[in-house]
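Listed below are the residues making up each chain.
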Amino acid sequence: MITSQLLAFVAILVSCVLKVSSLDTFIAAVYEHAVILPNTAVIPVSHEEALALMNQNLDLLETAITSAAKQGAHIIVTPEDGIYGWNFTRETIYPYLEDIPDPEVNWIPCNNPNRFGHTPVQERLSCLAKDNSIYVVANIGDKKPCNASDPQCPPDGRYQYNTDVVFDSQGKLVARYHKHNLFMGESQFNVPKKLEVITFDTIFGRFGIFTCFDILFHDPAVTLVEDFHVDTIVFPTAWMNVLPHLSAIEFHSAWAVGMGVNFLAANIHHPQKRMTGSGIYAPDSPRAFHYDMKTMEGKLLISRLNSSHHPVMVNWTSYASNIKAFSTANQEFKSTVFFDEFTFLELTRVTGNYTVCQKELCCHLSYKMSEKKPDEVYALGAFDGLHVVEGTYYLQICTLLKCKTLNLSTCGAAVETASSRFEMFSLSGTFGTRYVFPEVLLSDSQLAPGEFQVSSDGRLFSVKPPSAPILTVTLFGRLYEKDSILKASSNLGAHAPGVMLGVVALIVCSFSKMMSLGWTLIQYDRYSNKKRRLRHKPAQSGNYVKTQRKMVINKPRRKALIRNQPY
């Protein structure tokens, strides 16, 4: 076993290598793309027809990429499904797929397009990156053949993956990520047999990548930040907004704050399906964001970000656990928020202090309104339980929100506008997790950059009167370890605890070999406690250090989610 001293030495060496010629800041771009959709077809189109549709979308992406590069952007992120759209079956998406190799093959498709078969989409993306000297993040489909020797091989003899790719400023493929947490409606794709945790290094920071629905789960999202210490997440998504707590700009900006990283979110623009909301988010505040339900146009966002951060440690239960509960003179009531039954208290006064509890969670609110509008109702709500619709995940949520009507049963329904002004608010809760994401959403689904802060003792509070009426102020907590515990309990009854996925996480590190600028690292398997291998083979080209770090975790395939709408 490698000694702790050697592990420390390697960590210092790696840090030194990656900081050579580093930039303190960089310019990021995201593009919200109004995708051109294919005609709905039961029979697969030809490869030529598929490529023609993809080239139409690539023409639009090319305009955005070129514009971003001219404005000095170092990297641009484009959306999930941005090249071919959605509404596919397993058969009808096949003509749109390409074989995407492991980035370890050291390939620039623009220079050698036929090395891995017919790959015109990868060739074009590579050339766009190379010709504009910019990192390009895109989402396409990967296909991998298999046969009867593989017991999990699908009947059609191939795996199909929802895949993110990254090309560096030389046009080289430096990262490939197969989406792990597939959302409902993605039956055209397979869940990869091994969970991948993918990073790539640049002179402007270390980046991690995951896709859309992945954000609600521990792996790979949290693992990238906590175990691989990425500075920035790139996030292609096709996100359908769900108010009051899962609007794209609201939740994605909150994740950046909660995890202490930059977050580059590129969404599809398709208002008919409530798809809009992209942004460039820093850990302290949004830098640029876009939410537009009125027009049909795409939108390019550009902003400068710091390359690295010093995360602020927050004890999310400290304040709330050490104060006396506020008055609960008002009668509590129940109402539903996105299929979950919350416990609420109505805010009946212009100013007040309230506490509401559910199970182990107590939420404390202090607030002051400029005036209380007679035609609007606000409430303080708490939820502590397992969410089971469109995914299974355990939540603890404290929320101040506007109800849809004066009828208290509408508290938790989607609301898009408000007129009541608040002068101040302070929200806290007795959370049983350190993973809490602070949300503030104003009327017309706008963010409030620079108008609120999070204290080290776990309070979300306004630093000045909000610039617009409030839709919701929320602390969105995730108890990842309870996802599989409760799911296994409900499904398996008295079966042994060993079948419960994700309960035990052992960290075992060892080294097998170390060479100049290259090493292999063995790390723990969060689910099966087997070893997993992290490969790191950096190669230097020009001023950029280009690598893909890839960690795979052997894990049983998840059961299908309840399906209703795509993320």
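One structure accompanies this document, and this report is about it. (Residues numbered from 1 in each chain as written. Predicted model: local features only at pLDDT ≥ 70, side-chain atom pairs only at ≥ 80, totals over all residues. Heavy atoms only, no water.)

## Side note on the overall build of the protein
Broken down by element type, the protein carries seven helices and 29 strands. Scored against the burial criterion, the 567 residues of the protein give a buried share of 58%. Across the protein, contacts joining residues at least 24 apart in sequence account for 70% of those joining residues at least 6 apart. Within the structure as shown, the protein displays about 22,600 Å² of accessible surface, and the carbon and sulfur contribution to it stands at 53%. (Helix = DSSP H or I, 4+ residues; strand = E, 2+ residues; numbered from the N terminus. Buried < 20%, exposed > 50% of the residue type's maximum accessible area, 1.4 Å probe, protein only. Contact = heavy atoms within 4.5 Å. Areas by Shrake-Rupley, 256 points an atom, 1.4 Å probe, with all protein chains shown as cover.)

## Re the environment of Asn106
Among the structural elements, Asn106 can be located in the loop between strand 2 (75-77) and helix 3 (120-132). Leaving out residues up to four positions away in the same chain, Asn106 has contacts with Arg115 and Lys172. Among the polar contacts listed, one links the side chain of Asn106 to the side chain of Lys172, at a separation of 3.0 Å. (Polar contact = N/O pair within 3.5 Å; in protein donor to acceptor, adjacent residues only side chain to side chain.)

## A few points about the nonpolar core
Residues Ile75, Phe210, Trp255, Phe263 and Leu264 are the most contacted members of the largest nonpolar core, which totals 110 residues. With seven residues, helix 5 (residues 248-259) is the largest single contributor of residues to this core. Among all residues touching Trp255, those that are not within four sequence positions of it are Phe210, Ile215, Ala221, Val222, Val225, Ile233, Gly260, Val261, Phe263 and Phe437. Grouped together as the second largest cluster of nonpolar side chains are 35 residues, Met54, Leu58, Ala73 and Leu173 included. (Core = buried A, V, L, I, M, F, W, Y, C linked by side-chain atoms within 4.5 Å.)

## Let's talk about the pattern of salt bridges
Using the criterion set out here, one finds 17 salt bridges in the structure. For Lys144, the salt bridge goes to Asp142, with nearest N and O atoms at 2.7 Å. In this structure Lys144 comes out as partly exposed when scored by relative accessible area, which is 22%. A residue is classified by how much of its surface remains accessible, and Asp142, at 0% relative accessible area, is buried. Sharing partners across several salt bridges, the network here consists of Asp59, Glu62 and Arg124. (Salt bridge = Lys/Arg side-chain N within 4 Å of Asp/Glu carboxyl O.)

## Notes on the pairing of strand 4 (residues 158-167)
Strand 4 sits mainly inside the fold: 10 of its 10 residues count as buried. A two-sided burial pattern is seen for strand 4, the buried positions comprising Arg158, Gln160, Asn162, Asp164 and Val166 on one face and Tyr159, Tyr161, Thr163, Val165 and Phe167 on the other. Across 10 bridges, strand 3 (residues 135-145) lies against strand 4 in antiparallel orientation. Directly across from Lys144, in strand 4, lies its bridge partner Tyr159. Direction of pairing for strand 4 relative to strand 5 (residues 173-178): antiparallel, over a ladder of five bridges. Bridge pairing in strand 5 links Phe167 to Leu173. Between the antiparallel neighbours strand 4 and strand 5 lie five residues, among them Gly171 with a positive phi of about 90 degrees. (Pairing = 2+ DSSP bridges.)

## Notes on the sheet that holds strand 16 (residues 361-369)
Strand order in this open sheet of five strands is 15-16-19-22-21, and the pairing throughout is antiparallel. A strand with exactly one partner marks an edge of an open sheet, and here the two such strands are strand 15 (351-358) and strand 21 (452-454). Each strand axis lies, on average, 15 degrees off the axis of its neighbour in the sheet, ignoring direction. Sheet topology places strand 21 next to strand 22 (residues 460-462); three bridges connect them, and they run antiparallel. Considered in strand 22, the bridge of Val454 is made with Leu460. (Axes fitted to C-alpha atoms, helices over the stretch in contact; angles between N-to-C directions.)

## Some points on the sheet that holds strand 1 (residues 25-32)
Reading across the sheet, the six strands line up as 5-4-3-2-1-12 and stay open at both edges, with mixed pairing between neighbours. Among the strands making up the open sheet, the edge pair consists of strand 5 and strand 12 (299-306). Taking the axes of each pair of neighbouring strands and ignoring which way they run, one obtains an average angle of 30 degrees across the sheet. In the packing of helix 3 onto the sheet, contacts are made with strand 3 and strand 4, and the angle to strand 3 comes to roughly 160 degrees.

## Brief notes about the packing of aromatic side chains
If you walk through the whole model with that rule in mind, you get 31 aromatic pairs. A centroid spacing of 5.6 Å and a plane angle of 65 degrees characterise the contact between Phe210 and Trp255, whose relative ring orientation is edge-to-face. One end of the pair, Phe210, is in the loop between strand 7 (205-209) and helix 4 (218-226); the other, Trp255, is in helix 5, with 45 residues separating them in the sequence. Note on accessibility: Phe210 and Trp255 belong to one class, buried. A connected cluster of aromatic rings, assembled from ring pairs, spans Phe210, Phe235, Trp239, Phe251, Trp255, Phe263, Phe437 and Phe476. Its guanidinium or amino end placed over the ring of Tyr94, Arg158 lies 3.9 Å from that ring's centre, counting from NZ or CZ. Seen from the ring of Tyr394, Lys482 lies directly overhead, with NZ or CZ sitting 4.8 Å from the centre. (Phe/Tyr/Trp six-rings, centres within 6.5 Å; stacked < 30°, edge-to-face > 60°. Lys NZ or Arg CZ within 6 Å of the ring centre and 35° of its normal.)

## Description of unusual backbone geometry
It is generally the case that most residues other than glycine have a negative phi and that most peptide bonds are trans. A cis amide bond links Asp219 with the next residue in sequence, Pro220, at an omega value of 5 degrees. Position of Pro220 among the secondary structure elements: in helix 4. Of note, the amide linkage connecting Leu243 to Pro244 takes the cis form, showing an omega dihedral of 15 degrees. As for its position among the elements, Pro244 is in the loop between strand 8 (232-237) and helix 5. Positive phi, close to 65 degrees, is recorded for Asn87, a residue that is not glycine. Tracing the backbone shows Asn87 in the loop between strand 2 and helix 3.

## Some points on the state of the cysteines
In total, this model carries five disulfides according to the counting rule given. Bridging Cys357 to Cys362, the disulfide has an S-S length of 2.0 Å. The chirality of the disulfide connecting Cys357 with Cys362 is right-handed, given an S-S dihedral of about 110 degrees. Put simply, Cys403 and Cys411 are joined by a disulfide, and their sulfur atoms are 1.9 Å apart. Linking Cys403 and Cys411, the disulfide has an S-S dihedral of approximately 85 degrees and is accordingly described as right-handed. Each member of the pair, Cys403 as well as Cys411, is classed as buried. For the protein, numbering the cysteines in disulfides from first to last along the sequence yields the connectivity 1-2, 3-4, 5-6, 7-8, 9-10. (Disulfide = S-S within 2.5 Å.)

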